[in-house]
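Take a look at the letters that make up each chain.
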Amino acid sequence: MADVDIVKQVQDMLKEETWTRATISNYTKNNLVELADIVEKARNSEHTDEIQQICDEHLLHTKDSIIALYISGMIALYHGTLDNSALESLVEIFQKNHKENIVVYLCETILDDDENNKFALRTLAECFRAENNEKMWELYEKIVKLDFEEADLAKTLAEHCEGQNDIDAAIDYYKKAHLRYITAKNMNAIKETWSHLVQLIPEEIDFFMLAKRKIAKTISEERSAVLMQELYTWYKDNKKWDTAIDILKQILEIDAHDSWARKELVECYRGKYEGRNNLEEYIRSSNLTQNFRNVFEAINDFEKHIAFDAKSYVFHRSWGVGVIRKVAGDTLTINFGKTYGIRTMSLKMAVSALIPLANDHIWVLKATQKRDELAKQVKSDKVWALKTIIKSFDNRCDIKRIKAELVPAVLTQGEWTAWNTAAKKILDSDPSFGIDTNDINMYMVREQGVSSDIKLANEFKAQKQFFARIDTLMKFILSDETDKSSETFGEMLSYFTGFLKTISHVNEHVLGAFLAVQKINSIVPSIAYPIKYTFKDIYNKIEEPRKMYLELKDTRNTSLRQDFIKNVKLLPDWDKQYVRLFPTVLDGTMLATLVNAGKEDMVKHLAINSFDNFKDNRQAVLFLFRECQKEKWFQDSGISYERQLITLINIVELTFREINNHVNTVENKKINKAAIQPLFENKSENKTLIEYIRDKDEDTIERLYTLVADIAELDDKYKMQMRNKILETHPDFKFQVTEEKARVHQRGMLVTEKKLEEKKALAEHIQTVEIPENAREIGEARAQGDLKENAEYKAAREHQHYLTVTLSKLQEELARAIVFDPSTITTAFVSFSTVMTLHNNDTNKDESYTILGPWESDPDNNVISYMSPFGNEFLDKKVGDTVQFTINEHNYNYTIKDIQAAKA
């Protein structure tokens with residue numbers, strides 16, 4: 001009854017307002033307080049939508065109705081809609097009528113419900129500014145934090161903070177203003193804030209590089225070059241030559257004919273190399289001052305020439321690291337150490353044949369320091385080691401190159417593993433390291449540490465993979481050191497919100513963007529981006545949810561797949577969607593949730609369908625077999641254990657077939673291994689196939705064994721295990737083995753583990769010791785000249801051929817080698833690792849032979865390869881069998897007297 005009363009009360013108030021034609025001047029704050037009470041009652045009723053509709057209809061013919069505007073607007077605010085037009089109209093009415101106290105009250109009321117309402121914040125801030133109320137600064141800060149496009153207020157705050165001598169805060173707001181002016185393409189404001197920042201933070205070169213890239217992309221490269229001139233001046237005046245030169249090179253990359261930049265570059269070189277011999281000669285000979293020469297070719301020539309000074313290090317591709325001992329005119333004398341000694345070379349040849357090295361180049365350190373001392377320093381000071389290596393290669397280096405420089409010359413492989421883990425953490429967190437914005441794999445060293453914002457912004461820009469970019473954004477959100485109101489964050493976020501502007505077609509990027517923005521909104525509600533679509537809207541556009549789930553990629557800082565399933569749980573038909581998705585998701589909590597919700601029949605049907613259609617649900621079958629044996633609903637599903645085992649065998653056969661046909665090879669290998677394990681390797685409480693057949697009748701055994709034996713690609717050790725167990729309980733069981741020997745030969749070569757290790761060691765020795773030694777011998781022999789009459793050279797080349805052929809054959813055999821499992825030895829018939837005692841029916845004497853592989857074969861001691869013609873004839877024969885055969889026109893006639901296991 002009370003709900004109906006509130007509806008009637010609103011209707012009566014609207015009628016009274018119309019009849020009395022109440023004027024704005026009559027309204028006070030108390031009137032709005034009374035309306036607030038009405039809104040509160042409306043919100044607590046079940047008729048909020050009806051009351052809002054009544055007010056909206058009233059506004060169609062009475063657009064300035066205070067009551068209708070207030071009630072409709074506050075209800076809309078309560079519902080969280082994006083339309084604030086009613087409240088904005090109401091505030092505008094009171095502003096025009098100079099009711100400032102009511103405007104302030106209205107704004108504060110709005111902010112009580114929505115603390116981030118931009119309209120209310122701006123209006124209230126203007127009211128405070130008119131009153132010269134210091135509270136306006138707090139509101140300005142909040143507006144700048146919420147509105148990534150607000151540049152003028154950011155600049156106002158910067159000037160205010162600078163006036164208060166809060167320089168750090170001023171710099172932060174100047175940066176915000178500058179980047180936002182770039183987005184707005186306000187060139188005058190860009191110039192003003194750039195100049196001020198050059199005065200305040202000239203050494204924060206990474207910020208200026210970021211701004212330069214944005215200006216070049218948003219406005220023009222030429223405008224960015226003009227601004228860089230101002231920054232260059234500071235570095236030149238402070239004799240920071242390397243950075244000054246880098247800036248000039250960037251300007252010349254934009255305009256190679258910029259005569260001012262070319263002239264300044266020469267002056268910087270003179271400053272950097274002041275006092276260096278032949279400086280002016282190198283400037284002249286490189287034509288650095290002559291506009292007709294390509295500027296970058298001239299730079300390259302000059303920098304190479306100037307590097308070849310006495311006591312400088314160089315690198316030759318054959319002789320290694322050397323140090324210039326003397327420069328006499330155009331002739332260099334270089335010491336390449338004990339091996340290659342003193343060499344002389346013309347300057348012209350040096351420019352083309354040598355690479356100049358800095359004194360702290362990693363190659364120089366490796367050549368001049370003892371290994372133990374360098375290793376100790378590398379391990380104790382990882383930051384120094386990383387900086388040294390990265391700067392050695394034009395300040396651009398990836399992990400592979402770092403490893404190549406340290407292993408094995410400085411660190412062992414084992415030492416590298418631990419060192420690498422710690423180094424990656426340093427590269428990720430230390431502000432003195434950064435990412436090359438053009439290649440996410442390349443690290444660089446920064447002269448000045450940068451903020452986490454810029455470090456992650458550069459990483460985001462360099463990262464080209466969509467889900468890796470989500471990870472970078474989440475890293476930004478989860479960090480305590482980043483500014484969530486910064487332009488860098490706004491730009492990263494806008495990349496993903498761009499995918500949500502329309503959802504006519506939903507792919508993994510649209511879904512990933514939705515889940516990422518949704519997560520960010522929940523973590524930082526103050527910067528929540530309003531998503532106009534619901535998850536249901538997006539899900540209904542997904543054609544294949546199972547495929548879409550797989551296309552979502554989790555990362556170190558995201559769990560998009562889990563977030564996807566959480567959203568699915570909120571759908572009206574979540575139970576059907578759980579059943580639909582489970583064969584791909586394979587999450588036991590989904591099954592438990594269904595059972596707990598009284599959906600046990602659905603789960604049973606899911607299990608039955610998975611086994612019936614195992615080809616499309618092979619992963620689900622494996623999960624159910626492994627994880628659900630003890631679940632009552634699974635036990636009651638009617639899927640017998642034998643049927644489960646047969647289904648696993650069918651999956652093994654199916655995956656082998658698809659692997660042979662090159663269908664989803666990687667995935668099928670994983671499934672194949674996962675199916676073989678529960679069948680033959682007892683690593684759980686479930687019975688293996690071998691344990692299951694122990695007490696079964698011969699028909700069941702034959703049926704199951706035949707299924708296993710018919711899988712040609714299955715490792716023979718599993719078949720041997722099964723045959724051994726069968727023979728323990730059924731010694732007279734007859735096996736169909738006509739194809740067995742052919743399969744053994746086709747699949748590979750059985751070997752003992754000991755012999756495999758010996759062969760591996762031999763292959764490694766040839767590859768790492770003998771071949772390099774042979775290459776050195778060839779090099780030394782070649783150096784003697786006259787190869788036609790050079791006996792040492794010919795001998796070394798012949799040995800090279802021998803080593804190559806031997807290694808190739810060995811590697812081929814290693815690839816085919818299959819380690820024999822001693823636990824599978826059976827004496828029920830002749831097989832690998834058995835000793836057979838034979839009676840020679842022709843000589844009437846006994847003979848004994850051990851059956852092993854080609855590597856272990858030793859005919860002089862009666863050790864025979866199972867792959868040899870002789871050994872092959874006895875495979876699978878039992879005691880009492882007579883074996884007759886002919887090899888090389890020689891007839892053999894044996895009876896098997898005894899079979900024993902060979903000694904290890």
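We now turn to the structure provided with this report. (Residues numbered from 1 in each chain as written. Predicted model: local features only at pLDDT ≥ 70, side-chain atom pairs only at ≥ 80, totals over all residues. Heavy atoms only, no water.)

### Describing the overall build of the protein
Quick reminder of the rule: Secondary structure is summarised from DSSP: a helix means a run of H or I of at least four residues, a strand means a run of E of at least two, and numbering begins at the N terminus for each. For the radius of gyration, the atom set is restricted to C-alpha positions; the globular benchmark scales as 2.2 Å times the number of residues to the power 0.38. Each residue gets one of three labels from its accessible area relative to the maximum for its type: buried under 20%, exposed over 50%, partly exposed in between, using a 1.4 Å probe on protein chains only. Residue contacts are defined here by distance: any two heavy atoms, one from each residue, within 4.5 Å place the two residues in contact. Note on areas: Shrake-Rupley with a 1.4 Å probe; residue coverage comes only from the protein chains shown. Positive charges are assigned to Lys and Arg, negative charges to Asp and Glu, while His and the chain termini are left out of the count. In plain terms, the charge of a residue is placed at NZ if it is Lys, CZ if Arg, CG if Asp and CD if Glu.
A tally of helices and strands in the protein yields 45 helices and 14 strands. Rg of the C-alpha trace for the protein: 40 Å, well past the compact-globule value of 29 Å for 904 residues, more than 25% over. Seen through its C-alpha atoms, the protein measures out along the principal axes to roughly 135 × 100 × 45 Å. Buried positions account for 47% of the 904 residues belonging to the protein. Partitioning the intrachain contacts of the protein with sequence separation of at least 6 by distance along the chain shows that 57% fall at a separation of at least 24. As displayed, the protein offers around 47300 Å² of accessible surface, 47% of which is attributable to carbon and sulfur atoms. Separation of charge centres in the protein, based on 121 positive and 144 negative side chains, amounts to 4 Å.

### Examining the pairing of strand β11 (residues 845-852)
Where we set the bar: Any two strands are treated as partners once DSSP identifies two or more bridges connecting them.
Pairing geometry for strand β10 (residues 834-840) and β11, over seven bridges, is antiparallel. Counterpart to Asn840 in the pairing with β11 is Lys845. Where β10 folds back onto β11 in an antiparallel hairpin, the turn is made up of four residues, including Asn844, whose phi is positive at roughly 60°. Of the strand pairs in this sheet, β11 and strand β12 (residues 863-865) are connected by three bridges, and their pairing is parallel. Paired with Ile851 across the two strands is Ile864, which belongs to β12.

### A closer look at the sheet that holds strand β5 (residues 355-357)
Here is the rule we go by: Between N-to-C directions, angles cover 0 to 180 degrees, with each direction set by a line fitted to C-alpha atoms, over the stretch in contact for helices.
The antiparallel open sheet is built from five strands, whose spatial order is β4-β3-β2-β1-β5. Of all strands in the sheet, those bounded by a partner on one side alone are β4 (342-346) and β5. Each neighbouring strand pair of the sheet contributes to a mean axis angle of 40°, computed without reference to strand direction. Here strand β1 (residues 313-316) runs beside β5; their pairing, made up of three bridges, is antiparallel. Among the inter-strand pairings, Phe315 is bridged to a residue of β5, identified as Ile355.

### Topic: the nonpolar core
Where we set the bar: By nonpolar core we mean a set of buried residues, namely Ala, Val, Leu, Ile, Met, Phe, Trp, Tyr and Cys, connected to one another through side-chain atoms within 4.5 Å.
By size, the foremost hydrophobic cluster in this structure holds 123 residues, and its most contacted members are Ile71, Phe94, Trp194, Leu231, Ile247, Phe302 and Phe308. Setting aside residues no more than four positions away along its own chain, Phe308 makes contact with Tyr282, Val314, Ile324, Val327, Leu332, Leu347, Ala350, Val351, Leu354 and Pro356. Grouped together as the second largest cluster of nonpolar side chains are 87 residues, Phe466, Leu493, Ile503 and Val524 included.

### Structural notes on the packing of helix α10 (residues 167-184) against helix α12 (residues 205-218)
Test applied: An angle below 35 degrees is treated as roughly parallel, one above 145 as roughly antiparallel, one from 65 to 115 as roughly perpendicular, and anything else as oblique. If you view the pair so one helix is near and one far, a crossing is left-handed when the near helix is turned anticlockwise from the far one by less than a right angle, and right-handed when it is turned clockwise. Gly falls in the polar group here, along with every residue not listed as nonpolar (Ala, Val, Leu, Ile, Met, Phe, Trp, Tyr, Cys, Pro) or charged (Asp, Glu, Lys, Arg).
Running from N to C, α10 and α12 point in directions that differ by 15°, and their axes come no closer than 9 Å. When the axes of α10 and α12 are compared, the pair comes out roughly parallel. Crossing angle aside, the handedness with which α10 passes α12 is left-handed. Contacts between α10 and α12 involve Lys175, His178, Leu179, Ile182 and Thr183 from the first element and Phe207, Ala211, Lys214, Ile215 and Thr218 from the second. Of the residues belonging to the contact of α10 with α12, the class tally is five nonpolar, three polar and two charged.

Remember, this is a structural readout, not a statement about activity or role.
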